[in-house]
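Fold and contact review
Residues per chain are reported as follows:
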Amino acid sequence: MSDPSRDDERELVERAKGDPRQFGALYDRHFQQIYRFVYSRVREQTAAEDVTSEVFMKALKAMPRYQDTGRPFAAWLYQIAVNAIADRYRTLKPTQAIDDFHDLSVAGPALEDLAAHRDELRRIWALVEALPHQQRTALVLKFQEDMKIEDIAVAMGKSAGAIKLLIHRGVTRLRDEAATLRPVE
Amino acid sequence: MNSYHDPELDDVLQDDELRHLAAVLRSGRTPEPPLDEAFRTGLRRQLMQEAWAIGEGRDSWWRRLFAPPGLAWAGAIAGLLLIAAVVVWQAGQPEGGLTQLVVSSNLDGKNSVALAQPIFVSFNQPMNHETTQAATQVTPATNVTFSWSQNTMAVQPTGGNLAPNTQYQVTIGPSATTAAGQRLSTPQTITFVTQPPAPPPTPAPTPRITPTPALPEKALASLVGSASLKAQWSADSSSIYYIDGKGALSLVQAKGGDVQVIAQDGVTSLAIAPAGDRLAYVRGDKIEVLTFASGKTDELAPTPAAVLVGWAKDKVVWTAADGIYTQADNGLARLAALPATGVVAAVAIAPDGAHAVYTQDQNLFVLDLATTKSAQLGPAGATFRAWSPDGTQLLYSAGDNLVVADMAGATQATLPTSGEASWSSQDAILIGSDTLLYEVHPDGSNGTRVYNGTYHFPQWAPNGAAFAFMRGTFLWVTVAPALPPIPPAIDQAATVVNAFMDARQKGDANLAGTMLDASGKQAYGQGGLDLVVTGDPKFSRYYVLTQEMVGTQPDTARFVVRLVLSRGKLDVMSYEETLTLVRDPTSHNFLIDQATGGPHRDLGKGAEVVNVVVGQDNVKVTFDSDLDPGTIADGVVILDSKGKQVSVTTTYSNKTVTLSGLDLKESSSYRLVVLSTVRDVAGNNVAAEYDLDFFGPSEKKHGNHRDSVTSPSPTPSPAAQPS
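1. Brief notes about the overall build of chain A
From N to C terminus, chain A includes 9 helices and 0 strands. Across chain A, helices and strands are ordered from the amino to the carboxyl terminus as α-α-α-α-α-α-α-α-α. Across the 185 residues of chain A, 48% fall into the buried class. Carbon together with sulfur atoms contributes 50% to the accessible area of chain A, which is approximately 8600 Å² in total.

2. Some points on the overall build of chain B
Broken down by element type, chain B carries 8 helices and 47 strands. Burial analysis of chain B (723 residues in total) assigns 46% to the buried set. Long-range contacts, defined as pairs at least 24 residues apart, comprise 52% of the intrachain contacts of chain B with a sequence gap of at least 6.

3. What about the packing of aromatic side chains?
Under the criterion given, the structure shown has 25 aromatic pairs over all chains. Centre to centre, the rings of A:F73 and A:W76 are 5.4 Å apart; their planes meet at 50°, and the pair counts as tilted. Of this pair, A:F73 and A:W76 both sit in helix α4 (residues 73–92), separated by 3 residues, roughly a single helical turn. Of the two residues, A:F73 and A:W76, neither departs from the other in class, the shared state being buried. Ring centres of B:W318 and B:Y325 lie 6.2 Å apart, and the angle between their planes is 10°; this geometry places the pair in the stacked category. Each member of the pair B:W318 and B:Y325 is classed as buried. Each member of the aromatic cluster is reached from another via a ring pair, and the members are A:Y27, A:F31, A:Y35, A:Y39, A:F56 and B:F39. Between A:R21 and the ring centre of B:W52, over which it is positioned, the NZ or CZ distance is 4.3 Å. The ring centre of B:W476 lies 4.7 Å from the NZ or CZ of B:R471, which sits over that ring.

4. Some words on the packing of helix α2 (residues 23–42) of chain A against helix α7 (residues 133–144) of chain A
Residue and element names in this part refer to chain A. Put simply, α2 and α7 touch, their axes get as near as 11 Å, and they point 145° apart. Crossing geometry of α2 relative to α7 is assigned as right-handed. On the side of α2, the interface is formed by R36, F37, S40 and R41, while α7 contributes H133, R136, T137, V140, L141 and Q144.

5. Some points on the side chain of B:S422
All names here are of chain B. Within the secondary structure, S422 is located in strand β29 (residues 420–423). When its relative accessible area of 10% is taken as the criterion, S422 is described as buried. A distance of 3.0 Å separates a polar atom in the side chain of S422 from the backbone nitrogen of W460. Beyond its immediate stretch of four places on either side in the chain, S422 contacts A386, A428, I429, L430, P458, Q459 and W460.

6. Description of the sheet that holds strand β18 (residues 315–319) of chain B
Residue and element names in this part refer to chain B. With antiparallel pairing, 4 strands are arranged side by side in an open sheet as β17-β18-β19-β20. Two strands in the sheet have a free side with no partner beyond their single neighbour: β17 (308–312) and β20 (331–337). Pairs of neighbouring strands in the sheet enclose a mean axial angle of 30°, with direction left out of account. Here β17 pairs with β18 via 5 bridges, running antiparallel. Bridging from a neighbouring strand, A312 pairs with K315 of β18.

7. Details of the pairing of strand β44 (residues 649–653) of chain B
All names here are of chain B. Direction of pairing for β44 relative to strand β45 (residues 656–660): antiparallel, over a ladder of 5 bridges. Note on β45: the bridge partner recorded for S653 is T656. Taking the residues between adjacent antiparallel strands as the criterion, β44 and β45 are bridged by 2 residues, where N654 takes a positive phi near 45°.

8. Observations concerning the pattern of salt bridges
Any two side chains of opposite charge can pair, given that their charged atoms come close. Across all of its chains, the model carries 36 salt bridges over all chains by this definition. B:E299 serves as the salt-bridge partner of B:K286, at 3.3 Å between the closest nitrogen and oxygen. Of the two residues, B:K286 sits in strand β15 (residues 286–291) while B:E299 sits in strand β16 (residues 297–300), which places them 13 residues apart along the sequence. Among the residues examined, B:K286 registers a relative accessible area of 30% and is labelled partly exposed. Three or more residues joined by partner-sharing salt bridges are found here, namely A:R43, A:E129 and A:R136.

9. Describing the pairing of strand β25 (residues 383–387) of chain B
Residue and element names in this part refer to chain B. Examined bridge by bridge, β25 and strand β26 (residues 393–398) share 4 bridges and lie antiparallel to one another. When the sheet's bridge partners are listed, T383 is paired in β26 with S397. Two successive antiparallel strands, β25 and β26, enclose a turn made up of 5 residues, where G391 displays a positive phi of approximately 75°.

10. With respect to the confidence of the model for chain A
With 77% of its residues at a pLDDT of at least 70, chain A reaches an overall mean of 77. Segment residues 93–118 of chain A: pLDDT under 50, and 37 contacts once partners within four positions in sequence are set aside and those in other chains are kept.

11. Description of helix α1 (residues 16–27) of chain B
Residues and elements named next belong to chain B. Given a rise of 1.5 Å per residue, 12 residues ought to cover 16 Å, and the 16 Å separating the end C-alpha atoms of α1 matches this to within 8%. Listed in full, the buried residues belonging to α1 are L18, L21, A22, A23, V24 and L25. For α1, the side-chain oxygen to backbone nitrogen distance between the N-cap and E17 is 2.6 Å, and the N-cap itself is D15.

12. A short note on the interface of chain A and chain B
Facing the 47 residues of chain A at the interface are 43 residues of chain B. Carbon and sulfur atoms supply 63% of the area that chain A and chain B bury against each other, a total of about 4300 Å² over both sides. Three residues, A:R21, A:F143 and A:R175, lead the burial of chain A against chain B; their summed loss comes to 17% of the area buried on that side. A salt bridge links A:K164 to B:D11; the shortest N-O distance between them is 3.2 Å.

13. Side note on the side chain of B:S237
All names here are of chain B. Here S237 lies in the loop between β9 (230–233) and β10 (239–243). Looking at S237, the relative accessible area reads 12%, which means it is buried. For S237, the residues in contact, after removing those within four places along its chain, are A254, A461, P462 and N463.

14. Re the sheet that holds strand β12 (residues 260–263) of chain B
Residue and element names in this part refer to chain B. With respect to topology, 4 strands assemble into an open sheet ordered β9-β10-β11-β12, the strand pairing being antiparallel. Each edge of the sheet is formed by a strand with only one pairing partner; in this case those strands are β9 and β12. The mean angle between the axes of side-by-side strands here comes to 25°, regardless of whether they run parallel or antiparallel. Relative to β12, strand β11 (residues 249–253) runs antiparallel, the two sharing 3 bridges.

15. Here we look at unusual backbone geometry
Residues and elements named next belong to chain B. A cis amide bond links T303 with the next residue in sequence, P304, at an omega value of -5°. Structurally, the position occupied by P304 is in the loop between β16 and β17. With phi around 60°, S237 is a residue other than glycine that occupies positive phi space. Positive phi, normally seen in glycine, also occurs at K655, with a value near 70°. Tracing the backbone shows K655 in the loop between β44 and β45.

16. Side note on the environment of A:Q134
All names here are of chain A. Structurally, the position occupied by Q134 is in helix α7. Distance from Q134 to I163, taken between C-alpha atoms, is 8.9 Å for residues 29 residues apart in sequence. The contacts of Q134, once residues within four sequence positions are left out, are M156, K158 and L166.

17. A short note on the confidence of the model for chain B
All names here are of chain B. Summarising the model, chain B shows a mean pLDDT of 85, and 87% of its residues fall at 70 or more. Confidence over residues 59–70 falls short of pLDDT 50; this stretch has 4 contacts with residues more than four positions distant or in other chains. Scored below 50 in pLDDT, residues 204–214 shows 16 contacts in the model against residues more than four places distant or in partner chains. Note on the complex model: pTM 0.51, ipTM 0.78.

Parameters at a glance
- Residues numbered from 1 in each chain as written.
- Chains lettered and ligands numbered in written order.
- Predicted model: local features only at pLDDT ≥ 70, side-chain atom pairs only at ≥ 80, totals over all residues.
- Heavy atoms only, no water.
- Helix = DSSP H or I, 4+ residues; strand = E, 2+ residues; numbered from the N terminus.
- Buried < 20%, exposed > 50% of the residue type's maximum accessible area, 1.4 Å probe, protein only.
- Areas by Shrake-Rupley, 256 points an atom, 1.4 Å probe, with all protein chains shown as cover.
- Contact = heavy atoms within 4.5 Å.
- Phe/Tyr/Trp six-rings, centres within 6.5 Å; stacked < 30°, edge-to-face > 60°.
- Lys NZ or Arg CZ within 6 Å of the ring centre and 35° of its normal.
- Axes fitted to C-alpha atoms, helices over the stretch in contact; angles between N-to-C directions.
- Left-handed = near helix turned anticlockwise from the far one by under 90°.
- Polar contact = N/O pair within 3.5 Å; in protein donor to acceptor, adjacent residues only side chain to side chain.
- Pairing = 2+ DSSP bridges.
- Salt bridge = Lys/Arg side-chain N within 4 Å of Asp/Glu carboxyl O.
- pLDDT = per-residue confidence, 0-100.
- Expected span 1.5 Å × (residues − 1).
- Buried area = accessible area lost by both parts, 1.4 Å probe.

What follows is the structure, given as structure tokens:
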């Protein structure tokens, strides 16, 4: 049995491919998740707005070339977003790695603050922020955006196996980092 | 949480601790990021504009197909036929055709939209009212009601008016359906900006009473060889008291008629009391005071003898050879001495009895009777001409000009012509001569040659409409046209602010710079504020948030101007500049003397203050949104200069919070604070605390507008008193 929501999305995509003026429906459907994802990466509202604008503008212009590979349309948008975020930071500071931006150092005051509050959820997500960007992206897409491994693979331009490896390494590193922060009992 | 299970990750998360972490990550999603709804809708609009551009560009392949010359004509003919067919077909169709639902509004894209009107949204097909109304969203948050007329929906703010200075967005969402059930394919947004609020009513100038019937030029009485006109109007402007060449004091009705003689001879000076109830005149070496109501005449016989007579409120004031005197309980009192050296002569006593003008040799002086200090008026040879009705300024001739001076002798304005003059209660100065009558405002504006001919010694009636004058040896009377009123000083300053902001908006730094004084230029100089605002988002509009006069001598006005920055059509940010304008002593124009900038505020994130009006006992704060009334009382407060909260009574109606019961001290500083606890009706809190500094309003009037001379109740013309 086919997924009705996927069928609905396919129809929207086909209409937008034929007439760009129909792209608004796709925008309405995916804006929130793309914006949320972008914001989770850049952590700054104006930057998130800029990147989100770029993502949807690129998507609109590239619609005629979009090929339905059976993956959700969102995976394609995430792919554009991942590239746009990387491009943005390359443009801004070529010598600085993306992880240096908004890097929440484990020893930083924000984390101390989090540890002081013993708020596990926030602490873990703060630790996610400190992960290498590929691992972080994979974890955000998997656990926050609830995407399938195959879709994340499309978004990040990697194989499913590579995504699993990124997730494994990311979660393992979180475990190690969390252990160092755990108060001595 | 340990029960996390995801088949996709079974092979990589085999450790319990890793599964636990995965469960935490899954369950503990980060909170939704801050989102500017205006950004979401603005981006959508940009995308749709781009989509239309792409869509329209797609038919270019047809042009390429028919590009070869051989096919061009055939293509053109076919195209014409096709267009003609479409036109004929579409003529019978509603806009947008039968399948496309089109939403439009005459307000879309408009600026300066009037506040008292509904928002009309038109559809090209009959709509399902219920779904359309439910799909309609208005930002800023506004309570609205709906009504329909055929395919047009009227969206009416429940409070009555739209908010001023506000960008509205009315979005019809995709859940709107036609009567036939067709859904709107994409949300449609109507964007417009409203105009500023109506200015508070300015006090109307004292109504000018046109005599009925209007007076044509009329010779009223012979002055029997007098070389000048010594006359004064009755308080009700109905009659004129005058002294003829033989020293007779007489009364004549302005409409004409018999002359009534009050004193047969020997009268040299006269003055009617400010209350209009008594007439004092110098006759021989006495002062006689006629009370109109009783017809009784009292006498004063001062020593030394009186020369000129006047009034200080209800007391007679007079000049004598050695000084200025007034009545006292036990006789008389000398208010001030006149100089003992040179040839000294008193010339005039001010209408309020607080100053006198005298000459010493060839020099003209104004004497303050309270301080007994004198100030010279102009160069040697200057001639006194007239007092302002309130006695705070005067006119004297110097060379070919008339000079307006204050009581310290400081020049306030120079008028471009000279002659005998009179200053009216309507702030019009009449200047008469052998050949013309000229009328002008005290600031030199609206100068007009009124009549050609001989008009000596013009004298305004208290109503500021009729005037008496001398022609030949007769007393004449007629009327003069009203000059346009002088704008209040705050309006003059506002004109400069608007011109300044307009120039900046056009990027004309040179023009904007002409409205800055040296200090103002520093404020917009290097390291200061941007005179021309560039960059993204773009400076798209401005409005005056509040304005007030904060000082006199020189006139000083304070404006808070909000600059709105936009992306595309959408307002996204604003900041404020506080401008202090000072009247330039030379040009008398306002110039911007100080300017400070405030922080940038993101728009579309809760209610914004869009207008503040500071009154003597209340402050009215208008928001762009309908507010949750329960959040206002503790959320909109006023602090005094020490930061202490001022006790107020808070009321709320139609987006306006009124803080009343105030006793604002003139020139004291206050701060209006809107706390972030204030919520709009959609539940959005004010994004960040908003502060606005202001001063207690001045009770005095400013600029060239003066309190009109209050006309006392008309007094009946006295019966002629035989002397």
